[in-house]
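This is what each chain is made of:
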Amino acid sequence: MEGLPALLHGFEVALTAYHLGLMVAGVLIGILVGVLPGLGAPNGVALLMPLTFFMPPVSAIILLSSMYWGALLGGSTTSILFNIPGEPSSVATTFDGHPMAKQGRAAEALSLAFLCSGFGALAGVITITIVADDIAEFALRFSPAEYFAVYLLAFCAFIGMGGANPLKTAVSLLVGLSLATIGMDTVSGEMRLTFGQDELVRGISFLVAVIGLFGIGELLATADETEKVEGIRARVRLAAVLKTLVELPRYWVALLRSAAIGIWMGLTPGGPTAASFMSYGIARRFSKRGDNFGRGEPEGVVSPETSDHAAGVSALLPMLALGVPGSATAAVMLGGLMIWGLQPGPMLFQDRPDFVWGLIASMYVANLVAVVLVLATVPIFASVMRAPFGLLAPLIMAICLTGAWMVSGSGFDVLLAIGFGVLGYLMKKLDYPIAPMVLAMVLGDKAEDAFRQSMLISQGNLTVFWSNWLVGSITTLALLLLAWPVLAWLLRGGVQLSRRPAA
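Residues numbered from 1 in each chain as written. Predicted model: local features only at pLDDT ≥ 70, side-chain atom pairs only at ≥ 80, totals over all residues. Heavy atoms only, no water.

(A) Region of the structure containing the overall build of the protein chain. Scanning the protein chain for helices and strands turns up 21 helices and two strands. Counted over contacts in the protein chain with a minimum sequence separation of 6, partners at least 24 positions apart contribute 78%. (Helix = DSSP H or I, 4+ residues; strand = E, 2+ residues; numbered from the N terminus. Contact = heavy atoms within 4.5 Å.)

(B) Spatial organisation of the packing of aromatic side chains. Inspection of the entire model under this criterion finds six aromatic pairs. Between Phe 148 and Phe 451, the aromatic rings sit 5.1 Å apart at their centres with planes inclined by 55°, giving tilted as the arrangement. With Phe 148 in helix H7 (residues 144-161) and Phe 451 in helix H20 (residues 435-458), this residue pair connects regions lying 303 residues apart in the sequence. Taking the relative accessible area as the measure of exposure, Phe 148 reaches 16% and is therefore buried. (Phe/Tyr/Trp six-rings, centres within 6.5 Å; stacked < 30°, edge-to-face > 60°. Buried < 20%, exposed > 50% of the residue type's maximum accessible area, 1.4 Å probe, protein only.)

(C) Looking closely at the packing of helix H11 (residues 252-267) against helix H13 (residues 299-314). Following both chains from N to C, one finds H11 and H13 inclined at 35°, their axes separated by 7 Å at the closest point. The way H11 lies across H13 gives a crossing that is right-handed. Along the contact surface, H11 presents Ala 254, Leu 255, Arg 257, Ser 258, Ala 259, Ile 261, Gly 262, Ile 263, Gly 266 and Leu 267, while H13 presents Glu 299, Val 302, Ser 303, Thr 306, Ser 307, Ala 310, Ala 311 and Ser 314. Class assignment for the residues of the contact of H11 with H13 results in nine nonpolar, seven polar and two charged. (Axes fitted to C-alpha atoms, helices over the stretch in contact; angles between N-to-C directions. Left-handed = near helix turned anticlockwise from the far one by under 90°. Nonpolar A, V, L, I, M, F, W, Y, C, P; charged D, E, K, R; others polar.)

(D) Structural view of the packing of helix H8 (residues 166-180) against H20. At a minimum axis separation of 7 Å, H8 and H20 run at an interaxial angle of 35°. Judged by the twist between their axes, the crossing of H8 over H20 is right-handed. Every residue of H20 that contacts H8 at Thr 169, Ser 172, Leu 173, Val 175, Gly 176, Leu 177, Leu 179 and Ala 180 is listed here: Pro 436, Met 437, Ala 440, Met 441, Gly 444 and Asp 445.

(E) Fine view of a nonpolar patch on the surface. Residues Leu 480, Trp 484, Val 486, Leu 487, Trp 489, Leu 490 and Leu 491 make up a contiguous nonpolar surface patch of roughly 740 Å² in combined accessible area. With relative accessibility at 48%, the residue Leu 480 sits in the partly exposed group. (Patch = residues over 30% accessible without salt bridge, like charges linked within 9 Å, V, L, I, M, F, W, Y side chains within 5 Å. Areas by Shrake-Rupley, 256 points an atom, 1.4 Å probe, with all protein chains shown as cover. Salt bridge = Lys/Arg side-chain N within 4 Å of Asp/Glu carboxyl O.)

(F) Geometry of H11. Between its first and last C-alpha, H11 extends 23 Å over 16 residues, near the 22 Å set by a 1.5 Å rise per residue. Residues Ala 254, Leu 255, Ser 258, Ala 259, Ile 261, Gly 262, Ile 263, Met 265 and Gly 266 constitute the buried set of H11. (Expected span 1.5 Å × (residues − 1).)

(G) Region of interest: the pattern of salt bridges. In total, this model carries three salt bridges according to the counting rule given. Its salt-bridge partner being Arg 257, residue Glu 299 comes within 3.5 Å of it at the nearest N-O pair. In this pair, Glu 299 is assigned in helix H13 and Arg 257 in helix H11, connecting sequence segments 42 residues apart. Under the relative-accessibility criterion, Glu 299 is labelled buried at 7%.

(H) Examining unusual backbone geometry more closely. Even without being a glycine, Asp 431 presents a positive backbone phi close to 65°. Residue placement: Asp 431 occurs in the loop between helix H19 (411-429) and H20. Overall, the relative accessible area of 56% leaves Asp 431 in the exposed class. Unusually for a residue other than glycine, Gln 459 sits at a positive phi of about 60°. Structurally, Gln 459 can be placed in the loop between H20 and helix H21 (469-499). You can call Gln 459 exposed: its relative accessible area is 77%.

(I) Structural context of the environment of Met 184. Tracing the backbone through its elements, the reader meets Met 184 in strand E1 (residues 183-184). With 17 residues separating them along the chain, Met 184 and Val 201 place their C-alpha atoms 6.0 Å apart.

(J) Just the nonpolar core, in detail. Counting residues in each nonpolar core, the largest one holds 143 residues, and the members touching the most others are Trp 69 and Phe 355. Dropping the residues within four chain positions of it, Phe 355 is found in contact with Pro 57, Val 58, Ile 61, Leu 320, Leu 337, Leu 342 and Leu 348. (Core = buried A, V, L, I, M, F, W, Y, C linked by side-chain atoms within 4.5 Å.)

(K) Molecular detail of the environment of Asp 308. Within the secondary structure, Asp 308 sits in helix H13. Placed 216 residues apart in sequence, Asp 308 and Ala 92 show a C-alpha to C-alpha distance of 9.7 Å.

(L) Structural context of the side chain of His 19. Within the secondary structure, His 19 is located in helix H2 (residues 17-35). The exposure class of His 19 is buried, given its relative accessible area of 8%. Not counting the four nearest positions on each side in its chain, His 19 is found in contact with Val 13, Ala 14, Val 58, Ser 59 and Ile 62.

(M) Representation of the side chain of Thr 129. Within the secondary structure, Thr 129 is located in helix H6 (residues 106-139). Look at Thr 129 and you get buried, because its relative accessible area is 4%.

(N) Spotlight on the environment of Tyr 425. Within the secondary structure, Tyr 425 sits in helix H19. Considered as a pair, Tyr 425 and Leu 213 are 212 residues apart in the sequence and their alpha carbons are 7.5 Å apart. Sequence-distant contacts of Tyr 425, that is, excluding residues within four places in its chain, are made with Gly 217, Leu 220, Ala 221 and Asp 224.

Written as structure tokens, this is what we have:
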């Protein structure tokens, strides 16, 4: 394997006392972020990012990615013990995880969740290790037309495969693209949509938007919906973990199937949330114990947890190799790369192999650290959820507003964060997906630049997006995904019509 020497060098970078300390700190912060209501992995990464501006990029990405793994595991803890998903991708875990806990099998449910999460993450990082060089080498053939086609594919995949209402997803994307145009036009130098406000000349910081949308918005929604929370107390003992580990091979089909689904949904812009729901639905459909799903079936925990973490890890590969994030958290990290002065894409593998392979190597170690730490600290972090929400809410709001101010030391950013918080609350109440908006804000400028460069090269001829088999196939696939909701509706209508009895 060509990447083996690079991976071994990555382990030399990752396995230092400093980076191991960052992994432990990141995982613990992430578990707390996943447990606290109103916070989540994208917001946690955005809040931590200003602290990384003065760190080496390798150290910064190790800290943020470790926090990400911890947040996913923290979300699983609250899903099982409190029936409250700390992360959107943990919703499917509540279906069988909480019934298991109510039946006195909380330790088994938690052990299954954490061990399967580790398996899914390992499957994802092995996939990244094997295919990273090939994808980066393949992407070196990309011209502006190919890059725009990839960005278009990312946008259309959210509409066709995201799981939310396609029209609402499209609206969310268009709002994000509109917000991405605010500020100075990089081609003409003219100001766009600033309305005479000097603060908008530099554009809207995606970090401020994420803090508002995912942090303040989720907090407002939680305050609107929360009731008195009574969780199930649990302590995960080593004997329970070992017993679950011995029984895990019984679910080998679900493990492999869910890992494959998660990896695919991570490499495409489906993301962990869609992966967990898809994995749960397929498991329920094909399992011999399908009728028991929703009543405390262990396979109902194995499938979404494996797929969730496989997708979360795999989502980092298109971010690194193509500059296209596969999840909302990966989109925030993509913005971080640009802030640190790194240009995501195939040249990143050649120019900064220490960064890429240091990150990949850290995934092996950090996910192991995350599983061990979350097993050891379940009672501690679960007790946080028993604190009155009236005490937690002001603390979380203060953290979010402080994080918004830290981005550039501007009071205007604090007001923007509050505005995005209200927008995020309204979107959640009206069932509009937020992740497509964040993706569009991060990729909007790059997609626009690639499109305009393609138009300049082709003298305004749109056939440039079918000028060779590579760009043509990507563009065609993007348009098919865009049209898929309509095609699926027509196909369903045709099937129903064919099943009608003859007159």
